[in-house]
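Given next are the chains, with one letter for each unit.
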Amino acid sequence: WKSDFLLFGCLEGSERRWKVNIINTAKMKNGFTQAIFFLLFCFCASNVCFAVVNDGKTVAQLHQEVLETGDVNAINNLALCYQSGNGVPKDEKKSFQLYQQAMEKGDVSAINSLALCYANGRGVGKDEAKAVRLYQQAMDNGNTDAINNLALCYQYGRGVAKDEAKAALLYKQAVDKGDKNAMFNLAICYQRGHGVPQDDSMAAQLFQQAMDEGDIGAINNLAHCYASGRGVVKSEVKAAQLYKQAMDKGSINAINSLGLCYQHGRGVAKDAAKAVELFKLAMEKGSTNAIYNLALCYQQGVGVAKDETKAAKLYQQAAQKKYADAMLALGVCYHHGTGVVKDEKKALSLLFEAAERGHAYALHNLGIYHEYGIGGIEINRTRAREFYTQAADKGSRVSITVLKERFGVIYTPLTVMEPKDHKPEVSDKKEDDLILQPTWSQYLSSIARRIASCYVKMMRFLFLDVLGIDIETILFNATSPRGHADTEAKEGVNSKGSIGL
């Protein structure tokens, strides 16, 4: 039967019936459940989940046949079918029960699968603490996937106290066992300095290692490294080649990134129309980054006819997916009335949403709104200063300048960072297009208010501190409306409503 399997792997396309006959022959001659299992594997790998073999049985029915023999591999694979709706109606509860059955038969991988069910609430109530215990159990029994999953729990504090150093150690342990997912995750840790010293070179090496193991996401991230020169010698040509390689293997993010290469002529001949084509393809496949980049193309007329209304609709589409860059861009559209009806209150709401997600320029623009009283809110320079400070900490250099020039504050950010360092897959947009500026009337009105405030402070000092006279009380009494005598008497004011100096 093993030679029959080997022959099976050599056959392609129109010879599928031969494949079925070979496996069926192996099954009839030897009675091996492995033959049935291998047939299922081949059909699943070929995405032929509803295919009917020559004896009239579907893939799911064959799984059921082996299930009755108690084969744990078949139990796990049938559980996967129910979990994803592959060949059978999707039923996560049934999937969970099958994983339990496999675990009871001593299958370690089923323990990890059960943990994933608890972690994500698939077929059972979500219980991250229970998931952690199961990951630990599977790890103790030698399951490498569980090591990586347990590391994720420690990294993000899911079901256990957050501990990035512990997470990094677990990733290293899984990497030593050849886990490509752990290689990728540890690379991210080195790139961001989470649980380990920041090391771009080590990150690039791990992305390369994961790529060699077949991880598609690692190809895309290694391309980012070459595009920016992080941990490797910068090479836009190499980056474009890697994006193309990842795209050919099915990476949606790589389609979008390759679009950026064509848009800006990075590593390939500049071709804006080709870029738009790639953005549309990535958008159709679910890339939110591509929606945003396509919106920029329509707004700026790059590769397509300029259409600000279309751009605003695309920003709206991305903003509905909680995409901070799109929220900011749409907020700016509403502020200026670009492609939409001008609505400063709507703009303010979008800026708050983007700021909640840590967007530096959204925080800066909230500072503008509070400093000048835009969008129906009162002027609040204290609040404005807080927003500018937060924006500076997120990487907004213009906020540092505003703090110095308009507030007299020389501010040094807590960390030095670029607002878009973490988004190599997003097209560049000019800072001036994202940061709001006060109109001349707003600016002059602000200056006038500040002068008036200084004048009031000066008068208070002159009369109260120098002459010992409470000028505010005098002015209040002088302008108070005359009422009935008994009311004035209660307030301690004479009938004339004023006090002689």
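Residues numbered from 1 in each chain as written. Predicted model: local features only at pLDDT ≥ 70, side-chain atom pairs only at ≥ 80, totals over all residues. Heavy atoms only, no water.

Caption draft 1: Quick peek at the overall build of the protein chain. Each helix and strand in the protein chain was counted, giving 27 helices and zero strands. Within the protein chain, the proportion of its 501 residues that are buried is 42%. Counting only contacts in the protein chain whose residues sit at least 6 apart along the sequence, the fraction spanning at least 24 positions is 45%. Accessible surface, the protein chain as shown: approximately 26,200 Å² in total, 51% of it carbon and sulfur. (Helix = DSSP H or I, 4+ residues; strand = E, 2+ residues; numbered from the N terminus. Buried < 20%, exposed > 50% of the residue type's maximum accessible area, 1.4 Å probe, protein only. Contact = heavy atoms within 4.5 Å. Areas by Shrake-Rupley, 256 points an atom, 1.4 Å probe, with all protein chains shown as cover.)

Caption draft 2: Spotlight on the environment of Thr389. The topology assignment puts Thr389 in helix α22 (residues 381–393). Sequence separation between Thr389 and Val409 is 20 residues; the distance between their C-alpha atoms is 10.0 Å. Those residues in contact with Thr389, other than ones at most four positions away along the chain, are Leu403 and Tyr411.

Caption draft 3: Highlighting the nonpolar core. Counting 70 residues, the largest nonpolar core has Tyr135, Leu186, Phe207 and Leu222 as the members making the most contacts within it. Among the nonpolar cores identified, the runner-up in size contains 54 residues, and Ala295, Leu351, Ala384 and Val402 belong to it. (Core = buried A, V, L, I, M, F, W, Y, C linked by side-chain atoms within 4.5 Å.)

Caption draft 4: View of the packing of aromatic side chains. Under the definition given, this model contains six aromatic pairs. Pairing Tyr292 with Tyr315 gives two aromatic rings, centres 5.8 Å apart and planes at 50 degrees, and the pair type is tilted. In this pair, Tyr292 is assigned in helix α17 (residues 288–300) and Tyr315 in helix α18 (residues 308–319), connecting sequence segments 23 residues apart. Tyr315 carries the same exposure label as Tyr292, and that label is buried. Here Phe352 and Phe387 contribute two aromatic rings whose centre-to-centre distance is 6.3 Å and whose plane-to-plane angle is 70 degrees, an arrangement assigned as edge-to-face. Taken as a pair, Phe352 in helix α20 (residues 344–356) and Phe387 in helix α22 lie far apart in primary sequence, 35 residues in all. Among the residues examined, Phe352 registers a relative accessible area of 32% and is labelled partly exposed. (Phe/Tyr/Trp six-rings, centres within 6.5 Å; stacked < 30°, edge-to-face > 60°.)

Caption draft 5: Fine view of the packing of α18 against helix α19 (residues 324–336). In the contact formed by α18 and α19, the axes pass within 8 Å of each other and the chain directions differ by 140 degrees. Classed by the angle they form, the pair α18 and α19 counts as oblique. Taken as a pair, α18 and α19 cross one another with a handedness that is left-handed. Between α18 and α19, the residues in contact are Ala312, Tyr315, Gln316, Ala318 and Ala319 and Ala326, Met327, Ala329, Leu330, Cys333 and Tyr334, respectively. When its residues are assigned to classes, the contact of α18 with α19 shows ten nonpolar, one polar and no charged. (Axes fitted to C-alpha atoms, helices over the stretch in contact; angles between N-to-C directions. Parallel < 35°, antiparallel > 145°, perpendicular 65-115°, else oblique. Left-handed = near helix turned anticlockwise from the far one by under 90°. Nonpolar A, V, L, I, M, F, W, Y, C, P; charged D, E, K, R; others polar.)

Caption draft 6: The pattern of salt bridges, seen in detail. A complete count under the given rule lists eleven salt bridges for this structure. Glu308 is the partner of Lys306 in a salt bridge, and the nearest nitrogen-oxygen pair spans 3.9 Å. Look at the salt bridges and you will find they share partners, linking Glu371, Arg381 and Arg406 into a network. (Salt bridge = Lys/Arg side-chain N within 4 Å of Asp/Glu carboxyl O.)

Caption draft 7: Examining the packing of helix α21 (residues 360–372) against α22 more closely. Between α21 and α22, the shortest axis-to-axis distance is 8 Å and the interhelical angle comes to 165 degrees. Considering their axes alone, α21 and α22 lie roughly antiparallel with respect to each other. In this structure, α21 crosses over α22, and the sense of that crossing is left-handed. On the side of α21, the interface is formed by Ala360, Leu363, His364, Leu366, Gly367, Ile368, His370 and Glu371, while α22 contributes Arg381, Arg383, Ala384, Phe387, Tyr388, Gln390 and Ala391.

Caption draft 8: Spotlight on α22. Over its 13 residues, α22 runs 18 Å from end to end, which matches the ideal 18 Å to within 8%, given 1.5 Å per residue. Residues of α22 that are buried in the fold lie against α20, α21 and α23 (397–407). Measuring from the backbone nitrogen of Thr382 back to the side-chain oxygen at the start of α22 gives 3.2 Å, which picks out Asn380 as the cap. Remark: Gly395 follows α22 within two positions and exhibits a positive phi of approximately 115 degrees. (Expected span 1.5 Å × (residues − 1). Polar contact = N/O pair within 3.5 Å; in protein donor to acceptor, adjacent residues only side chain to side chain.)

Caption draft 9: Broad picture of α20. The end-to-end C-alpha separation of α20 is 18 Å, in line with the 18 Å expected for 13 residues at 1.5 Å each. Of the residues making up α20, those classed as buried are Ala347, Leu348, Leu350, Leu351, Ala354 and Ala355. Within α20, the buried residues cover an arc of 165 degrees as seen down the axis, which keeps them to one side. Of the exposed residues in α20, the ones pointing more than 90 degrees away from its buried face are Lys345 and Glu356. Among the structural elements, α19 and α21 are those in contact with the buried residues of α20. Where α20 begins, the side chain of Asp343 points an oxygen toward the backbone nitrogen of Lys345, at a separation of 3.2 Å. (Arc of directions from axis to C-beta.)

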